[in-house]
Amino acid sequence: MDTTRRHDGTTEGATSGDEDLGGAVFAADCRARLAFEVIANRWDSVVVYALGERGPMRPRALLDRIGGISPKVLNEALRRLEHNGLVVHRRYAEAPPRVDYALTEAGTALLGPIRALGAWAATHGDAVLAAQETARA
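The rules we used
- Residues numbered from 1 in each chain as written.
- Predicted model: local features only at pLDDT ≥ 70, side-chain atom pairs only at ≥ 80, totals over all residues.
- Heavy atoms only, no water.
- Core = buried A, V, L, I, M, F, W, Y, C linked by side-chain atoms within 4.5 Å.
- Buried < 20%, exposed > 50% of the residue type's maximum accessible area, 1.4 Å probe, protein only.
- Helix = DSSP H or I, 4+ residues; strand = E, 2+ residues; numbered from the N terminus.
- Contact = heavy atoms within 4.5 Å.
- Salt bridge = Lys/Arg side-chain N within 4 Å of Asp/Glu carboxyl O.
- Expected span 1.5 Å × (residues − 1).
- Polar contact = N/O pair within 3.5 Å; in protein donor to acceptor, adjacent residues only side chain to side chain.
- Pairing = 2+ DSSP bridges.

Help me understand the nonpolar core, please; the structure alone is not making it clear to me.
Generally speaking, a soluble globular protein has its nonpolar side chains buried in company with each other. V47, L51, L62, I66, L74, L78 and V87 are the most contacted members of the largest nonpolar core, which totals 23 residues. Only helix 1 (31–39), helix 2 (42–54), helix 3 (59–65), helix 4 (71–83), strand 4 (98–103) and helix 6 (111–136) provide two or more residues apiece to this core. The biggest single contributor to this core is helix 2, with 5 residues. In this view, V87 contacts L51, L78, L81, E82, Y101, A102, L103 and T104; residues no more than four positions away in its chain are not counted.

Here it is, written out as C-alpha cells:
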C-alpha cells in the first residue's frame with residue numbers, strides 16, 4: 001500500500017496514486033509547494049535556464065542573453081536564487097573586481113522540471129492564449 005507522510009511526521013495510506021511530497025499535500029510545509037514558490041517568479045526560471053544552457057556567467061552576459069530583463073530585476077533574481085541555494089556567486093581577486101554566477105547541484109536538478117514546463121508551454125501555449133483572449137472578449 002502506498003503511504004503519504006503528513007506534516008506531523010506520521011503516515012497514512014495514499015489514495016489515487018498520491019506521491020510522498022515531503023509533507024501533507026496542501027500543507028504549508030509540503031515540499032511540492034516549496035518548489036512552486038522557488039520557481040514562481042518568472043525571471044528566476046529564466047536565469048536558471050540561461051545558466052544551465054551556458055554555464056557560469058557574469059551579470060552583463062546574463063543581461064545580454066536574457067531579453068527584457070533590467071539590471072535591477074536580474075540582481076533581485078540572482079539574490080533570490082542564491083538565497084534559495086540554486087545559484088552560487090564567485091568573486092575573483094582581480095582588478096577590476098569580477099563576479100560570475102553558476103548553478104548549484106540543486107539548481108542544475110531544476111533544469112529538468114523547467115524544460116518540462118517549457119515543453120508543456122510549447123504544446124499547450126496556443127490554447128492558453130486563446131482562452132485568455134476569449135476571457136477578455
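Resuming the write-up.
Would you take a moment to explain the pattern of salt bridges for this structure?
What the rule picks out here adds up to 7 salt bridges. Of the charged contacts, one joins D44 and R80 as a salt bridge, the two residues approaching to 2.9 Å between their closest N and O atoms. You can see D44 sitting in helix 2 and its partner R80 sitting in helix 4, a full 36 residues away along the chain. The buried category is assigned to D44, whose relative accessible area is 2%. Note on R80: relative accessible area 30%, which makes it partly exposed.

Is there a simple way to think about helix 2 in this case?
An α-helix turns once per 3.6 residues; consequently, residues spaced three or four apart project the same way. Spanning 13 residues, helix 2 covers 19 Å between terminal C-alpha atoms, matching the ideal 18 Å at 1.5 Å per step. Looking only at helix 2, the buried set comprises W43, D44, S45, V47, V48, A50 and L51. Sitting at the amino-terminal end of helix 2 is N41, which places a side-chain oxygen 2.8 Å from the backbone nitrogen of W43. Residue G55 follows helix 2 closely and has a positive phi angle near 85 degrees.

Mind showing me how you'd approach the side chain of S45 here?
Residue placement: S45 occurs in helix 2. Each residue touching S45, except ones within four places of it in the same chain, is listed here: I39 and I114.

How do you make sense of the pairing of strand 4 when you look at a structure like this?
Consecutive residues of a regular strand have side chains that alternate between opposite faces of the sheet. Note: strand 3 (residues 87–92) against strand 4, 6 bridges, orientation antiparallel. Each residue of the ladder has a partner; that of V87, found in strand 4, is L103. Two successive antiparallel strands, strand 3 and strand 4, enclose a turn made up of 5 residues.

Such coordinate-based values are descriptive only and should not be taken to indicate function.
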